[in-house]
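# Fold and geometry: a report
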Amino acid sequence: MSAPPRILTIAGSDSSGGAGIEADIKVITAHKCYAMTAMTGLTAQNTTGVVDIHPIPAEFLRKTLSAVLEDVGVDVVKTGMLTSTESISVIVETIKKYDLKTIVLDPVMISTSGSVLLPPEAISNLCSNLIPLATLLTPNIPEAQHLLLYYTNPGVLPTAAFPIDNINSMADVVDLAKRLQEKCSSAVLVKGGHLPFLSDGSVARRQKGKAFVMDVLALSNGTVKIFSSPYIDSNNTHGTGCSLASAIACNIGFSQPLPTAVSNARDYISGAIAASYPLGKGSGPINHVHNIYRRPYSKGRFFDYLINHPRVAKIWNDYVNHDFVKKIANGTLSTENFVWYLKQDYLFLIHFVRAKALLTYKGTTMSKINECSTNLSGAIRESALHVRYCAELIPGLTEQDLESTPEAPATTAYTRYILDIGHSGDIAALMVSLISCSVGYQVAAKNREKEDSSVRTSEGNPFWKWIEEYASDKYAEETQVQRDVLEKLAEGFGVTQVEELVEIFRKVTEMERNFFSAAVEAKIP
Ligand SMILES: Cc1ncc(COP(=O)(O)O)c(N)n1
């Protein structure tokens with residue numbers, strides 16, 4: 001088993017377990033990453049407030065950081081409560097010494113319960129030396145305003161949480177994020193949890209009818225992404241900021257692009273608030289581990305869960321936007337390579353259809369057999385199309401010629417894997433091993449139809465028919481049947497089973513991508 005992403009949280013301990021280091025370890029573990037800690041301070045704290053803070057001496061923090069970095073190493077750093085200006089200096093020196101590149105910085109200043117967690121005199125060190133090293137800064141609206149004030153007016157030290165009365169619209173939040181981003185150079189995510197909006201887009205403040213929460217991500221290339229989600233009315237929001245930053249750090253550790261990492265982390269947090277339970281007399285904790293004992297997707301969203309999974313998303317994206325398909329769509333693929341692909345895909349389809357026949361066999365009710373056989377006939381129709389195609393491109397080529405083509409290693413590996421799953425796994429495993437191909441082709445063709453529609457058959461692109469076939473309504477109907485059957489099955493999956501299915505889906509998607517790569521790279525004598 002290979003090591004998961006290594007996440008180091010540099011933060012304070014929260015004795016009540018909802019925020020700080022305790023929350024971070026739970027979130028990181030629930031994301032299946034490896035959690036390490038460097039404590040900046042201990043808090044005597046519960047859901048009603050912080051009783052006292054016991055700072056850890058900065059020199060001890062230095063030793064903790066070196067101990068971890070000299071041995072285990074770190075993929076992503078997340079910082080939370082930093083306690084003192086000396087701690088910040090130690091962190092800055094450590095980041096430079098060990099050349100740490102990926103840092104999610106949650107600028108914790110004041111707890112939800114109103115306690116000062118970073119002394120005002122440390123803000124200058126934070127802004128001048130640590131924030132410029134961060135990949136992403138995740139302030140809430142008051143923190144963003146504090147920081148912006150420092151950058152525009154370094155002499156003024158804020159002493160209390162800002163009233164956020166001066167934010168009157170979504171445009172004001174976007175403006176705040178953009179202005180802070182310009183000052184501090186790292187990407188900035190301004191979190192709008194403190195200021196939900198009504199459905200007409202006006203600020204809700206204390207009124208009832210809070211409809212949605214908006215977060216704004218301002219990237220260092222000047223673009224802005226807005227995320228919005230339904231407002232969840234809950235008292236259990238203690239530690240939400242710490243947990244969001246940790247979840248983003250994990251998602252980055254899985255190589256997700258920043259906007260995807262943020263979007264997935266927001267979904268995780270919404271789920272954690274929704275699944276929280278009453279604890280303590282004040283603002284209770286979110287449910288940090290909701291995703292490990294509940295099915296991590298809602299009804300009808302299993303396929304979406306698969307393609308957005310941290311271990312899958314990049315591979316899926318490479319596959320459905322592969323150069324091979326782009327070259328088919330713009331007509332720049334050589335005929336030789338297209339024929340190479342058609343021949344190999346024909347061989348692939350033989351085994352693919354065999355696997356679908358096995359799927360039909362595994363259907364133990366008449367209606368399942370019927371559904372499975374519908375897509376069996378679809379796959380047979382698809383292979384007939386390959387024969388016609390090949391004959392058009394190489395006059396005289398017969399089905400026997402196709403069948404006697406030697407199998408390329410990418411074809412053998414892929415078909416062998418699917419048949420193995422078919423023989424050893426259950427109906428769900430086999431369906432998952434087949435669906436990346438079916439739906440992936442549809443998404444890939446649709447993507448190109450949208451973007452590259454200028455070069456069509458009529459303009460001399462002999463491959464455009466391939467795009468048309470897989471972007472057609474008929475093909476969409478067939479894939480929809482498969483998706484519906486899978487979604488129905490997914491309502492009964494166990495949590496461990498889901499993990500196994502993700503791994504199967506990841507593997508077949510990788511093989512599909514490699515198959516396309518082999519088709520582009522094939523050197524035909
Ligand atoms: C150790 C520690 N770190 C961070 C927070 C902020 O979390 P919140 O704003 O939810 O109180 C906290 N209360 N305690």
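Not measured: the values here are computed from a predicted model.

It is worth spelling out the overall build of the protein at this point. Counting its secondary structure elements, the protein contains 20 helices and nine strands. By its C-alpha atoms, the protein is 85 × 55 × 45 Å across when sized along the principal axes. Looking at the protein residue by residue over its 525 residues, the buried ones come to 54%. Sequence separation of 24 or more characterises 74% of the internal contacts of the protein that already satisfy a separation of 6 or more. For the protein, the exposed surface amounts to about 22500 Å²; the carbon and sulfur share of it is 54%. Across the protein, the mean location of the 48 positive side-chain charges is 2 Å away from that of the 54 negative side-chain charges.

A separate point is the pairing of strand β9 (residues 224-230). Regular strands have side chains that alternate between both faces of the sheet. Strand direction decides the pairing type here: strand β8 (residues 212-218) and β9, joined by seven bridges, are antiparallel. Pairing of F212 across the sheet is with P230, part of β9.

Our focus in this paragraph is the site of the ligand. Surveying the vicinity of the ligand reveals 14 residues, the closest of which are G12, Q45, T112, H238 and G239. A distance of 2.7 Å separates a nitrogen atom of the ligand from a polar atom in the side chain of Q45. The contact in question runs from an oxygen atom of the ligand to an N or O atom on the backbone of G239, over 2.6 Å. Here the ligand loses 93% of its free accessible area of 360 Å² to cover by the protein chains. The residue makeup of the shell around the ligand, split by class, is five nonpolar, nine polar and no charged.

For the rest of this paragraph, the subject is the pattern of salt bridges. This model, assessed by the stated rule, comprises 22 salt bridges. Here D304 makes a salt bridge to R483, at a shortest N to O gap of 3.8 Å. Linking D304 in helix α10 (residues 302-308) with R483 in helix α19 (residues 473-490), this pair joins segments that are 179 residues apart in sequence. Between E478 and K474 there is a salt bridge, with the nearest N and O atoms lying 3.7 Å from each other. Here E478 pairs with K474, and both are found in helix α19, just four residues apart, close to one helical turn. Note on E478: relative accessible area 10%, which makes it buried. Look at K474 and you get partly exposed, because its relative accessible area is 45%. Through salt bridges with shared partners, a single ionic network connects K32, R311, E499, E503, R506 and E510.

Next up on the list: the domain arrangement of the protein. Here the protein is described as being made up of domain 1 (6-274) and domain 2 (302-521). Taken over C-alpha atoms, the centre of domain 1 sits 42 Å from the centre of domain 2. Across the domain 1 to domain 2 interface the summed buried area is about 430 Å²; carbon plus sulfur atoms make up 61%. For domain 1, the biggest contributors to the area lost against domain 2 are K32, F254 and Q256; these three give 67% of the whole. Applying the counting criterion to the domain 1 and domain 2 interface returns one salt bridge.

Parameters at a glance
- Residues numbered from 1 in each chain as written.
- Predicted model: local features only at pLDDT ≥ 70, side-chain atom pairs only at ≥ 80, totals over all residues.
- Heavy atoms only, no water.
- Helix = DSSP H or I, 4+ residues; strand = E, 2+ residues; numbered from the N terminus.
- Buried < 20%, exposed > 50% of the residue type's maximum accessible area, 1.4 Å probe, protein only.
- Contact = heavy atoms within 4.5 Å.
- Areas by Shrake-Rupley, 256 points an atom, 1.4 Å probe, with all protein chains shown as cover.
- Lys, Arg positive; Asp, Glu negative; His and termini not counted.
- Charge placed at Lys NZ, Arg CZ, Asp CG, Glu CD.
- Pairing = 2+ DSSP bridges.
- Near = heavy atom within 4 Å.
- Polar contact = N/O pair within 3.5 Å; in protein donor to acceptor, adjacent residues only side chain to side chain.
- Nonpolar A, V, L, I, M, F, W, Y, C, P; charged D, E, K, R; others polar.
- Salt bridge = Lys/Arg side-chain N within 4 Å of Asp/Glu carboxyl O.
- Domains from an automatic or database assignment.
- Buried area = accessible area lost by both parts, 1.4 Å probe.

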